[in-house]
Amino acid sequence: MSARFARRLALASVITSCLASTALAQTSAPACGGDLGAFLNGVKAEAISKGASASAADEALAGAQIDQKVLSRDRAQGVFRQTFLEFSQRTVSQARLDIGRQKIKQYADVFARAEKELGVPPGVITAFWAMETDFGAVQGDFNTRNALVTLSHDCRRPELFRPQLIALIEMVQHGDLNPSTNTGAWAGEIGQVQMLPKDIVAHGVDGDGDGHVNVKTSSPDAILTAAKFIQSMGFKPGQPWMQEVTLPENLPWDKSGLGNEIPASEWFKLGVVPRDGVTNFGNLPAALILPQGRKGPTFLTYPNFNIYLEWNQSFIYTTSAAYFATRLSGAPTYQKGTPDQGLDDTGMKALQTKLEALGHDIGKVDGILGSGTRQAVQKEQARLGLPADGWPTQGLLSAL
């Protein structure tokens, strides 16, 4: 599974089971679990009711099996513990930047079409292409049909995966996917930018003119389909998404962080200076983000940054992908700064335990610096008279 799908898995936990029951009430077969044959008959009936042909459903589901490896992956999802500097330096490597620039030249006509027709610049698409699959080199080796059958049949989140299985049947009907041979991520994502079947059906573009949308083997199809998907998430042509900045010594640090947007011009008045010198977007709302506190790399994010938050909920992945796109668009390497030493896993859990005892809603005590923990850290820093930059340190833990 690519990192992007983690967001959808998180959202699935808040969808009630009654929604799934309502959606599947039209069939007499079980919504999940039970006999696999009966379950697949229900999927077929639902697909036909939504416009698929019986022959397409039969072709898509013939030979479908439960994949125990998919269930194992689903039960053993890892957690994200790297810092921004660690993750971004690994993923935004010079080799990847060089390949990305070569790809932009190789498919110059396709990228020009994506920008002209859909408003999405090459760097934004190419950064996702690189981070998701290394430009198509690592797309996953799970049979997509079996993965989606497995996760739809499993009763943990059928309301999330069953619509993807129905969409896969539509792709089979269009001749865009061979259910016996198509492989991808364990959670059902397909292709060079790792998209789900519903998104491919909704936003697929035949970029190479062969009459099909094949995001797995056709780079033009993958590029333009990704661009249309990004456009659908609200990307605004001609506007920035992220801009590296330098900061003065004294700022109202409690105003930093996602969700604390003010006009960029107000940040400029406070002494925040874009490294590229561009201040033309002062009227846009902007948030000051400090992935490793005020002493590390620092950025302003603009409304277009929201597409990264739609793509993935991990702050570190999101910020790294956005930074990658700025590099491909001509920005220099960020200034690393000298961030204060962060907390290890034991220290983070100790800090979270203290924050929870103080009444902060941080979610689970898991050692992960998520948005809830960052916000709680910022509030406690402000209460204690420390710079409220949201970066947890041993000093804060000791002070608490």
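Residues numbered from 1 in each chain as written. Predicted model: local features only at pLDDT ≥ 70, side-chain atom pairs only at ≥ 80, totals over all residues. Heavy atoms only, no water.

## Here we look at the pairing of strand S6 (residues 285-289)
Then step 1. Summarising burial for S6: four of the five residues are buried, a large majority.
Then step 2. Taken together, the two bridges between strand S4 (residues 262-263) and S6 define a ladder with antiparallel strand orientation. Each residue of the ladder has a partner; that of Ile-262, found in S6, is Ala-286. (Buried < 20%, exposed > 50% of the residue type's maximum accessible area, 1.4 Å probe, protein only. Helix = DSSP H or I, 4+ residues; strand = E, 2+ residues; numbered from the N terminus. Pairing = 2+ DSSP bridges.)

## Focus on the side chain of Gln-192
Then step 1. Relative to the helices and strands, Gln-192 resides in the loop between strand S2 (183-184) and helix H12 (197-203).
Then step 2. Beyond its immediate stretch of four places on either side in the chain, Gln-192 contacts Trp-129, Glu-132, Thr-133, Phe-135, Gly-136, Gln-139, Val-215, Lys-216, Thr-217, Ser-218, Ser-219 and Ala-222. (Contact = heavy atoms within 4.5 Å.)

## Some remarks on the domain arrangement of the chain
Then step 1. Along its sequence, the chain is carved into domain 1 (242-329) and domain 2 (345-399).
Then step 2. Each of domain 1 and domain 2 has a C-alpha centre, and the two are 22 Å apart.
Then step 3. Across the boundary between the two partners, domain 1 contributes ten residues, which contact six residues of domain 2.
Then step 4. Among the residues of domain 1 in contact with domain 2, Trp-253, Gln-292 and Arg-294 are the three that bury the most area, contributing 44% of the side total.
Then step 5. For the interface between domain 1 and domain 2, the tally reads one salt bridge. (Domains from an automatic or database assignment. Buried area = accessible area lost by both parts, 1.4 Å probe. Salt bridge = Lys/Arg side-chain N within 4 Å of Asp/Glu carboxyl O.)

## Digging into the pairing of strand S3 (residues 242-246)
Then step 1. Of all five residues making up S3, four are buried, and the element is well covered by its neighbours.
Then step 2. With three bridges joining them, S3 and strand S7 (residues 299-301) adopt antiparallel strand pairing. From the neighbouring strand, Met-242 faces S7, where its bridge partner is Thr-301.
Then step 3. Of the pairings in the sheet, the one linking S3 to strand S5 (residues 273-274) comprises two bridges and is antiparallel in character. By the bridge assignment, Val-245 is partnered in S5 with Pro-274.

## Considering the environment of Pro-263
Then step 1. Mapped onto the elements of the fold, Pro-263 is located in strand S4.
Then step 2. Along the chain, Pro-263 and Pro-285 lie 22 residues apart, while their C-alpha atoms are 4.2 Å from each other.
Then step 3. Setting aside residues no more than four positions away along its own chain, Pro-263 makes contact with Gly-282, Leu-284 and Pro-285.

## Brief notes about the UniProt feature "domain: Peptidoglycan binding-like" (unreviewed entry) in the chain
Then step 1. Sequence positions flagged by UniProt for "domain: Peptidoglycan binding-like" (unreviewed entry) are, in local numbering, residues 347-400.
Then step 2. For residues 347-400, the helix share is 56%, the strand share is 0%, and the end-to-end C-alpha distance is 12 Å. (UniProt positions renumbered as here; feature names shortened; annotations may be inferred.)

## Let's talk about the pattern of salt bridges
Then step 1. Throughout the structure, instances matching the rule amount to 16 salt bridges.
Then step 2. In this structure, Lys-50 and Glu-46 form a salt bridge, with 2.8 Å as the shortest nitrogen-oxygen distance.
Then step 3. The class of Glu-46 is buried, set by a relative accessible area of 3%.
Then step 4. We note a salt bridge from Asp-74 to Arg-75, for which the minimum N-O separation is 3.0 Å.
Then step 5. The buried category is assigned to Asp-74, whose relative accessible area is 2%.

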